[in-house]
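The chain contents come next:
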Amino acid sequence: MKKRPPKCDLVGQKFGFLEVISFIGKNHRSENIWQCLCDCGNYHKAAGYQLKRLSISSCGCRKTVGAVTHGLSRTREYGIWNQMKDRCSNRNKVYYKDYGGRGIKVCDRWLDSFENFLQDMGPRPSRL
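Definitions and limits used
- Residues numbered from 1 in each chain as written.
- Predicted model: local features only at pLDDT ≥ 70, side-chain atom pairs only at ≥ 80, totals over all residues.
- Heavy atoms only, no water.
- Salt bridge = Lys/Arg side-chain N within 4 Å of Asp/Glu carboxyl O.
- Helix = DSSP H or I, 4+ residues; strand = E, 2+ residues; numbered from the N terminus.
- Buried < 20%, exposed > 50% of the residue type's maximum accessible area, 1.4 Å probe, protein only.
- Phe/Tyr/Trp six-rings, centres within 6.5 Å; stacked < 30°, edge-to-face > 60°.
- Lys NZ or Arg CZ within 6 Å of the ring centre and 35° of its normal.

(A) Layout of the pattern of salt bridges. For the coordinates displayed, the defined rule picks out five salt bridges. The partner of K14 in a salt bridge is D39, with the nearest N and O atoms 2.7 Å apart. Here the residue K14 occupies a position in strand β1 (residues 14-15), and D39 occupies one in the loop between β3 (32-38) and β4 (43-47), the gap between them amounting to 25 residues. With relative accessibility at 47%, the residue K14 sits in the partly exposed group. The partly exposed category is assigned to D39, whose relative accessible area is 49%.

Written out as structure tokens, the structure reads:
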């Protein structure tokens, strides 16, 4: 049986540290599976929805090498950063049409680094 490519071709697109290089086929749940090349040089297979939602952004190397706990995941700034990424990349979010749907993307420097976002933007002004 021939592999039929999906309607949405991801080849050549980059999601975090993963660049999609080919369509593999469908898994047992009929999800589109893509072969990706990580910036570290490893190959990794990922479902299209994982890539688009940025729920996966590397082969796993980023979880172990250079993973830093910043202790700020419960702050308002972290929430703002997460929501910004969702609005620009998650098609299921209400405001995606106003951001990602219009081609607005999160810069590479901020995409996988809350620390870079906070360094560039600074803390949120306090209400007086």
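(B) Quick look at the packing of aromatic side chains. Scanning the model with the defined rule gives six aromatic pairs in all. Geometrically, the ring pair formed by Y78 and F114 is edge-to-face, given 5.0 Å between the ring centres and 75 degrees between the ring planes. Within this pair, whereas Y78 is found in helix α3 (residues 76-89), its partner F114 is found in helix α5 (residues 114-121), the two being separated by 36 residues in sequence. The pair formed by Y78 and F114 is uniform in burial state, with each residue classed as buried. By way of ring pairs, the aromatic residues Y78, W81, W110, F114 and F117 are connected into one cluster. Stacked on the ring of W81, the Lys or Arg K85 has its end atom at 3.9 Å from the ring centre.

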